[in-house]
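Letter by letter, the chains look like this.
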Amino acid sequence: MLYKKMNFVGVQPDIYTLSILINCCCQLGKVDHGFCLLGEIIKRGYHLDTVTFNTLIRGLCLQEKIDFAFKVFAKMTDMGNQLDAITCNTLIHGLCRAGKVGQALQLKNKMVNWNCIPTVVSYTPIIGALCKGGSVDDALILFSEMLRDLNVVPDVVVYSSLINGLCNSGRLNEAKRLLDEMVSRGISGNVTTYSCIIHGHCKHGRWGEARRYLYEMMDRGISPDSVTFGILINSRCKDGMIEDAWGLFEFMDKINIKRDQITYNSMMDGLCFAGRLQRRLIYLT
């Protein structure tokens, strides 16, 4: 609306105005509109810069149009625009979302050829995708490479991905060592980190350790959420330990954690299985 009004009152949009509009279109998922504005930039004879191309590439990646994103990438290089780390990281993230982890790794390795320095943002989606795909050893090799790169500082997101991957693979002792290493580096775990390690211990029948991590996270000032409690309650119900599950369910109230649908469903399922739903129904409604 404002753009039309600008034209109506005779104010000519410049490259910055059109770039802002392209960014807005891409964030709203209207990449086609963004390309219409790109045509307007070209028609007006403005120079297309790296920021504008990065915006369009990000919009395409968010819509999982990764092949089209690479065509824009090729056009960008053909026009002599300098690639930057944002360009590469956006494409790496898009490739990982599309399940093309091998191509993402190749792109990360090519960054130095374009004078782009990989950052933790370059490594994080690849490590996460490898862990989700069960290739934890490959993720750990890449993580070791990352630690050798003095330009890259690991963060809680990378550690949480690796901890989750190790826990899902039953490698709980390695996950614990990684958590300890993270803390020793001065990187504080978050609710995702602890929920992952709690889930791993519940999944592999180590309930005592899972509960210990619940108390540890709270001692460190990290508040558990409904996901954390949902994991614990579901695990206890599946093991037939309904009183333990109910104790956790009530504990959520005491520490002001709002229950979600999954928490209620897990608790009701457990009570039904144990034949105790009628006795507890008043508390659940």
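Just above, that's the structure.
Residues numbered from 1 in each chain as written. Predicted model: local features only at pLDDT ≥ 70, side-chain atom pairs only at ≥ 80, totals over all residues. Heavy atoms only, no water.

**Student:** What exactly am I supposed to notice about the packing of helix α8 (residues 120-132) against helix α9 (residues 136-148) here?
**Tutor:** When two helices pack together, you describe them by how their axes are tilted relative to each other and by the distance separating the axes. Where α8 contacts α9, the axes come no closer than 8 Å and their chain directions differ by 165°. As judged from the angle between their axes, α8 and α9 are roughly antiparallel. For the element pair α8 and α9, the recorded crossing hand is left-handed. Each of Val 120, Tyr 123, Ile 126, Ile 127, Leu 130 and Cys 131 in α8 lies in contact with α9, whose residues at this interface are Val 136, Asp 138, Ala 139, Leu 142, Phe 143, Glu 145 and Met 146. (Axes fitted to C-alpha atoms, helices over the stretch in contact; angles between N-to-C directions. Helix = DSSP H or I, 4+ residues; strand = E, 2+ residues; numbered from the N terminus. Parallel < 35°, antiparallel > 145°, perpendicular 65-115°, else oblique. Left-handed = near helix turned anticlockwise from the far one by under 90°. Contact = heavy atoms within 4.5 Å.)

**Student:** Even after reading the chapter, I still don't get the packing of aromatic side chains, so can you show me in this structure?
**Tutor:** For any pair of aromatic rings, geometry is given as the distance between the ring centres together with the angle between the planes. Overall, the coordinates contain 8 aromatic pairs when judged by the stated rule. Between Phe 73 and Trp 114 the ring centres are 5.7 Å apart and the planes differ by 70°, which places this aromatic pair in the edge-to-face class. Placement of Phe 73 in helix α5 (residues 66-78) and of Trp 114 in the loop between α7 (101-110) and α8 is noted, with a sequence separation of 41 residues between them. Phe 73 gets classed as buried once you look at its relative accessible area, which sits at 10%. Geometrically, the ring pair formed by Phe 249 and Tyr 264 is edge-to-face, given 5.5 Å between the ring centres and 80° between the ring planes. Here the residue Phe 249 occupies a position in helix α15 (residues 242-254), and Tyr 264 occupies one in helix α16 (residues 261-274), the gap between them amounting to 15 residues. Residue Phe 249 is classed as buried on the basis of its relative accessible area, which comes to 1%. Following the ring pairs from residue to residue traces out a cluster consisting of Phe 70, Phe 73 and Trp 114. Residue placement shows Arg 212 over the ring face of Tyr 213; its charged tip is 4.5 Å from the ring centre. Stacked on the ring of Phe 249, the Lys or Arg Arg 259 has its end atom at 3.8 Å from the ring centre. (Phe/Tyr/Trp six-rings, centres within 6.5 Å; stacked < 30°, edge-to-face > 60°. Buried < 20%, exposed > 50% of the residue type's maximum accessible area, 1.4 Å probe, protein only. Lys NZ or Arg CZ within 6 Å of the ring centre and 35° of its normal.)

**Student:** Would you explain helix α2 (residues 15-27) in this entry?
**Tutor:** An α-helical turn contains 3.6 residues, so a residue and the one three or four places further along point in the same direction. Spanning 13 residues, α2 covers 18 Å between terminal C-alpha atoms, matching the ideal 18 Å at 1.5 Å per step. The complete set of buried residues in α2 reads Ile 15, Thr 17, Leu 18, Ser 19, Ile 22, Cys 25 and Cys 26. Positive phi shows up at Gly 29, right after α2, with a value of about 80°. (Expected span 1.5 Å × (residues − 1).)

**Student:** I'm lost on the pattern of salt bridges in this one. Help?
**Tutor:** When the charged atoms of two side chains with opposite charge come close together, those side chains can pair. Taken as a whole, this structure holds 15 salt bridges when the rule is applied. A salt bridge links Arg 212 to Glu 209; the nearest nitrogen and oxygen atoms lie 3.4 Å apart. Separated by 3 residues within a single helix, Arg 212 and Glu 209 lie in helix α13 (residues 207-219), roughly one turn from each other. The partner of Arg 212 in a salt bridge is Glu 216, and the shortest N-O contact between them spans 3.1 Å. In this pair, Arg 212 and Glu 216 are both assigned in helix α13, 4 residues apart and thus about one turn of the helix distant. Taking relative accessible area as the criterion, Glu 216 reaches 18% and is therefore assigned buried. Three or more residues are tied together by salt bridges with common partners; here these are Glu 209, Arg 212, Glu 216 and Arg 220. (Salt bridge = Lys/Arg side-chain N within 4 Å of Asp/Glu carboxyl O.)

**Student:** Would you mind showing me how to read the nonpolar core here?
**Tutor:** Across soluble globular proteins, nonpolar side chains show a tendency to be buried alongside one another. Core analysis: the largest hydrophobic core is formed by 82 residues, its most contacted members being Ile 127, Leu 162, Ile 198, Ile 233 and Met 267. For Ile 233, the residues in contact, after removing those within four places along its chain, are Ala 245, Leu 248, Phe 249, Met 252, Thr 263, Ser 266 and Met 267. (Core = buried A, V, L, I, M, F, W, Y, C linked by side-chain atoms within 4.5 Å.)

**Student:** Looking at this model, I keep getting lost on the side chain of Ser 160. Mind explaining?
**Tutor:** Inspection of the secondary structure assignment puts Ser 160 in helix α10 (residues 156-168). Contacts of Ser 160, omitting those with residues within four sequence positions, involve Asn 190, Thr 193 and Cys 196.

**Student:** I would appreciate a short explanation of α8 in the present structure.
**Tutor:** When the terminal C-alpha atoms of α8 are compared, their 18 Å separation across 13 residues agrees well with the 18 Å that a helix rising 1.5 Å per residue should span. Listing the buried residues of α8 in full gives Val 120, Ser 122, Tyr 123, Thr 124, Pro 125, Ile 126, Ile 127, Gly 128, Ala 129, Leu 130 and Cys 131. Phi turns positive, to about 85°, at Gly 134, one or two residues after α8.

**Student:** Explain the side chain of Asn 54 here, please?
**Tutor:** For Asn 54, the location among the structural elements is in helix α4 (residues 50-62). A residue is classified by how much of its surface remains accessible, and Asn 54, at 5% relative accessible area, is buried. Here Asn 54 is in contact with Met 76, Asp 84, Ile 86 and Thr 87, once residues within four sequence places are set aside.

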